[in-house]
Amino acid sequence: MDFEPKDNAEETPENLEFAEPQKRKPLEILRDTEAFLRRPTVGAIVPIVSPELSKRIEEASFVAEDTLSELAEIDFDQISDWELRPARIKIGLSFVGFSALTILVLLLYLNTLHPELNPTQQIGLYWQEYIWFVCLGVTGMFILGREAMREVEKPRKSPKR
């Protein structure tokens with residue numbers, strides 16, 4: 001038996017070429033990951049539920065497949081700042097509206113379940129929730145203010161030929 005190490009330098013190539021990593025868009029990764037998780041789940045659930053429910057689950061799976069495939073085709077570089085403006089305004093308004101709604105629900109809850117407390121004591125009792133909801137509204141106002149101050153050029157329409 002020969003326990004001496006052998007020199008394997010001749011057997012290993014000096015220039016190893018690795019495959020270039022594929023550049024995939026984030027929505028393609030989302031589509032593939034969601035499908036990887038959804039398909040086995042649907043396959044496991046469909047046999048054990050009622051036929052009507054299994055049909056609905058399969059239809060929802062097909063809709064998810066189609067929708068995510070369409071989304072994966074979106075090229076983020078082609079979306080202009082002007083096209084994103086309505087979405088940013090809606091997000092800001094959603095934050096402000098949800099904040100106002102949750103503060104009203106909190107006040108209704110406090111006035112219903114703790115009528116013996118004055119407003120200062122009510123806020124003192126639930127100050128953490130109150131601060132969270134106020135901060136959410138302030139965040140929405142910041143988003144709206146930033147959008148109002150942003151200089152956005154409208155895309156110029158190309159002349160018709």
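(A) Structural detail: the overall build of the protein. Secondary structure assignment for the protein yields five helices and zero strands. Helices and strands in the protein line up, N terminus first, as α-α-α-α-α. Out of the 161 residues belonging to the protein, those deemed buried represent 14%. In the protein, once contacts between residues fewer than 6 apart in sequence are set aside, the share between residues at least 24 apart is 74%. Per element, the accessible surface of the protein, about 14100 Å² overall, is 62% carbon and sulfur.

(B) Local environment of the packing of helix 3 (residues 81-113) against helix 5 (residues 127-149). At a minimum axis separation of 8 Å, helix 3 and helix 5 run at an interaxial angle of 155°. For the element pair helix 3 / helix 5, the angle class is roughly antiparallel. You can see that helix 3 and helix 5 cross each other, and the crossing is left-handed. Within the contact of helix 3 with helix 5, the residues separate by chemical class into 16 nonpolar, six polar and four charged.

(C) Quick peek at the packing of aromatic side chains. Under the defined criterion, the tally for this structure stands at one aromatic pair. Considering the side-chain rings of Tyr109 and Tyr126, the 5.7 Å spacing of their centres and the 85° angle between planes classify their relative orientation as edge-to-face. Remark: Tyr126 occurs in the loop between helix 4 (119-125) and helix 5 and Tyr109 occurs in helix 3; sequence separation between them is 17 residues. For Tyr126, a relative accessible area of 18% puts it in the buried group.

(D) Main features of the packing of helix 1 (residues 26-45) against helix 2 (residues 51-72). Taken N-terminus to C-terminus, the directions of helix 1 and helix 2 make an angle of 170°; their axes are 9 Å apart at the nearest point. When the axes of helix 1 and helix 2 are compared, the pair comes out roughly antiparallel. Residue-level inspection shows Leu27, Glu28, Leu30, Arg31, Glu34, Ala35, Arg38, Arg39, Val42 and Ile45 of helix 1 in contact with helix 2, the latter providing Ile57, Ser61, Ala64, Glu65, Leu68, Ser69, Leu71 and Ala72. Looking at the contact of helix 1 with helix 2 residue by residue, the class counts come to ten nonpolar, two polar and six charged.

(E) Fine view of the side chain of Arg88. With respect to the helices and strands, Arg88 occurs in helix 3. Given a relative accessible area of 17%, Arg88 falls into the buried group. At 3.2 Å, the side chain of Arg88 and the side chain of Asp81 are in polar contact. Apart from the residues lying within four places of it in its own chain, the contact partners of Arg88 are Asp81, Ile143, Glu147 and Arg150.

(F) Expanded view of a nonpolar patch on the surface. A cluster of nonpolar side chains, contributed by Leu71, Ile74, Phe76, Ile79 and Leu84, occupies part of the molecular surface with about 370 Å² of accessible area. By the element assignment, Phe76 lies in the loop between helix 2 and helix 3. Residue Phe76 is classed as partly exposed on the basis of its relative accessible area of 43%.

Conventions we followed
- Residues numbered from 1 in each chain as written.
- Predicted model: local features only at pLDDT ≥ 70, side-chain atom pairs only at ≥ 80, totals over all residues.
- Heavy atoms only, no water.
- Helix = DSSP H or I, 4+ residues; strand = E, 2+ residues; numbered from the N terminus.
- Buried < 20%, exposed > 50% of the residue type's maximum accessible area, 1.4 Å probe, protein only.
- Contact = heavy atoms within 4.5 Å.
- Areas by Shrake-Rupley, 256 points an atom, 1.4 Å probe, with all protein chains shown as cover.
- Axes fitted to C-alpha atoms, helices over the stretch in contact; angles between N-to-C directions.
- Parallel < 35°, antiparallel > 145°, perpendicular 65-115°, else oblique.
- Left-handed = near helix turned anticlockwise from the far one by under 90°.
- Nonpolar A, V, L, I, M, F, W, Y, C, P; charged D, E, K, R; others polar.
- Phe/Tyr/Trp six-rings, centres within 6.5 Å; stacked < 30°, edge-to-face > 60°.
- Polar contact = N/O pair within 3.5 Å; in protein donor to acceptor, adjacent residues only side chain to side chain.
- Patch = residues over 30% accessible without salt bridge, like charges linked within 9 Å, V, L, I, M, F, W, Y side chains within 5 Å.
- Salt bridge = Lys/Arg side-chain N within 4 Å of Asp/Glu carboxyl O.

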